[in-house]
Amino acid sequence: MSIEVVNITKSYKNFTALENVNLHIPEGELVALLGPSGSGKTTLLRLIAGLEQAQQGSILFNGEDNTNRDVRERKVGFVFQHYALFRHMNIFDNIAFGLTVRSRKTRPSKEEIREKVHSLLRLVQLEGLAHRYPSQLSGGQRQRVALARALAVEPKFLLLDEPFGALDTKVRQELRRWLRHLHGKLGLTILFVTHDQEEAMELADRVVVMNEGRVEQVGSPEEIYLKPANPFVYSFLGRVNLFRGRIQNGRIKLGEAEFTAEQGVSEGPAIGYMRPHDAEVSLHPPQSAAATAVQAHIERITLLGPLVRLELRRLDTKEVFEAEMGRQRFLELLVEEGDVVYVTLNNLSIYVESELQSVPTPALTPVHVTV
Ligand SMILES: Nc1ncnc2c1ncn2[C@@H]1O[C@H](COP(=O)(O)OP(=O)(O)OP(=O)(O)O)[C@@H](O)[C@H]1O
């Protein structure tokens, strides 16, 4: 089932938790809502589930307006971070719960419920544990029971709020793989909240990046990493270097590094964003005539398994930034802490500070760089 969020605004007293949010989730997609704490992810999920009401806007399922439908009518599967299993019920009864509480008219027979629960136990790979109690399971197993319980009522889609948040890294990784597999098998639309970018990038078909109650960008993991829509997305996803400078007379000047600006670009203060792996380090000045390289002092070298990270300080602007490279490239370079190197600034994104808007980050407008 597809989900459409149209112009949703949600406020708590004077505080706006969501502002004019629009989002389309096609049927069968696995979508991550990613953003810092307080950005409105849970609020949006609760609105879709019908656990909250918005002041403005509507929510459509398969094109049908569900804004005023009761949470039970929406047929949503919901799983929270803290697996709220019933402690006094065994695993079988926990999974069967949503079916056994149905009115007599819609309740399946005992035999049907038994079959359903056992097929779900097989699906979540917990066969044989039906008679255990939640306290006798590991965190990861309990979370899978919570998912099975949500699936028992045959929801139209699944909403997961930080489903693996309380678990340790290894179990989280296993559950991610498992959820991806489950999604492939069931083809169900799944929307999950996370503030862990790795989780979003690894699991989701599409990622919705949120900040301060707004959607900043929607795209595949690759798109949002390689083509961030604005400085917020740039900084939120992965490590990034910032260089301050100006645009003047058609030239972008970031210290001694210079680039040609596109025609018609407004002049004024500008910020260059660059991923650490786009910094090309060499011991000698680059051959090219373009002034895209700067000299920098290596302040620190950190080995990170197959990667090496250099912490550098520019000689011209004194700005500190990072370069990352493969271990092999680092060994070929033969550099050590204290050396001065040339760093070519590749794949920069330049944002001009707009004089018209007062909001700091999203008010910057991108400029295409041609060297
Ligand atoms: N019932 C409420 N009353 C007042 N403010 C609320 C209420 N629920 C949420 N908020 C506020 O709305 C904003 C968005 O909250 P929300 O829980 O959606 O954020 P989130 O992105 O899910 O954060 P986290 O990752 O920390 O769970 C926060 O600033 C929060 O304090």
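Heads up: the structure comes first, above all this text.
Each value, and the rule that gives it
- Residues numbered from 1 in each chain as written.
- Predicted model: local features only at pLDDT ≥ 70, side-chain atom pairs only at ≥ 80, totals over all residues.
- Helix = DSSP H or I, 4+ residues; strand = E, 2+ residues; numbered from the N terminus.
- Buried ≥ 20, exposed ≤ 12 C-beta atoms within 10 Å, placed from the backbone.
- Contact = placed C-beta atoms within 7 Å.
- Near = placed C-beta within 6 Å.
- Nonpolar A, V, L, I, M, F, W, Y, C, P; charged D, E, K, R; others polar.
- Pairing = 2+ DSSP bridges.
- Axes fitted to C-alpha atoms, helices over the stretch in contact; angles between N-to-C directions.
- Parallel < 35°, antiparallel > 145°, perpendicular 65-115°, else oblique.
- Left-handed = near helix turned anticlockwise from the far one by under 90°.
- Core = buried A, V, L, I, M, F, W, Y, C linked by C-beta atoms within 7 Å.
- Domains from an automatic or database assignment.

Caption draft 1: The overall build of the protein, seen in detail. On a plain count of helices and strands, the protein comes out with nine helices and 22 strands. Principal axes of the C-alpha set define a box for the protein whose edges measure 80 × 45 × 30 Å. Among the 371 residues that make up the protein, the fraction classed as buried is 34%. Here the analysis covers contacts within the protein between residues at least 6 apart in sequence; of these, 64% occur between residues at least 24 apart.

Caption draft 2: Looking closely at the site of the ligand. Around the ligand lies a shell formed by Tyr-12, Phe-15, Ala-17, Gly-35, Ser-37, Gly-38, Ser-39, Gly-40, Lys-41, Thr-42, Thr-43 and His-195. Broken down by secondary-structure element, the contributors of at least two residues to the shell around the ligand are strand 2 (15-25) and helix 1 (41-49). No other element matches the three residues that helix 1 contributes to the shell around the ligand. Grouping the amino acids of the shell around the ligand by side-chain chemistry returns three nonpolar, eight polar and one charged.

Caption draft 3: Focus on the sheet that holds strand 10 (residues 214-219). The strand order across the open sheet formed by six strands is 6-7-8-3-9-10, and the pairing between neighbours is mixed. Sheet topology places strand 6 (76-79) and strand 10 at the edges, where each strand pairs with a single neighbour. Within the sheet, the average angular offset between the axes of one strand and its neighbour, ignoring direction, is 15 degrees. Relative to strand 10, strand 9 (residues 206-211) is paired through five bridges, and the arrangement is antiparallel. Its bridge partner lying in strand 10, Val-208 is registered against Val-218.

Caption draft 4: Focus on the sheet that holds strand 16 (residues 293-304). Read across the open sheet, the five strands follow the order 15-19-16-17-18; overall the sheet is antiparallel. Each edge of the open sheet carries a strand with a single partner, namely strand 15 (279-282) and strand 18 (320-326). Here the average twist between neighbouring strands, direction ignored, is 45 degrees. Two strands pair when backbone bridges link them, and strand 16 and strand 17 (residues 307-314) are joined in this way by eight bridges, in the antiparallel orientation. The residue of strand 17 that forms the bridge with Ile-298 is Leu-312.

Caption draft 5: Region of interest: the packing of helix 3 (residues 110-123) against helix 4 (residues 139-152). Relative to each other, helix 3 and helix 4 sit at 135 degrees, their axes nearing to 10 Å. In terms of orientation, helix 3 lies oblique with respect to helix 4. Helix-helix and strand crossings are classified by hand; for helix 3 and helix 4 the assignment is right-handed. Counted together, Lys-116, Leu-120, Leu-121 and Leu-123 of helix 3 and Ala-148, Leu-151 and Ala-152 of helix 4 form the full contact between these two elements. Taken together, the residues that form the contact of helix 3 with helix 4 break down as six nonpolar, no polar and one charged.

Caption draft 6: Fine view of the nonpolar core. Grouped together as the largest cluster of nonpolar side chains are 90 residues, with contacts concentrated most on Ala-32, Leu-191 and Val-343. Broken down by element, this core gets its largest block of residues, seven residues, from helix 4. Residues from two domains meet in this core; each of domain 1 (3-234) and domain 2 (239-370) gives at least three. Sequence-distant contacts of Ala-32, defined by excluding residues within four places in its chain, comprise Phe-192, Thr-194, Ala-200, Leu-203, Ala-204, Val-207 and Val-208.

Caption draft 7: Expanded view of the pairing of strand 17. From the end of strand 16 to the start of strand 17, which pair antiparallel, there are two residues, and Gly-305 there has a positive phi angle of about 60 degrees. Count of turn residues in the strand 17/strand 18 antiparallel hairpin: five residues, of which Lys-318 carries a positive phi of about 70 degrees.

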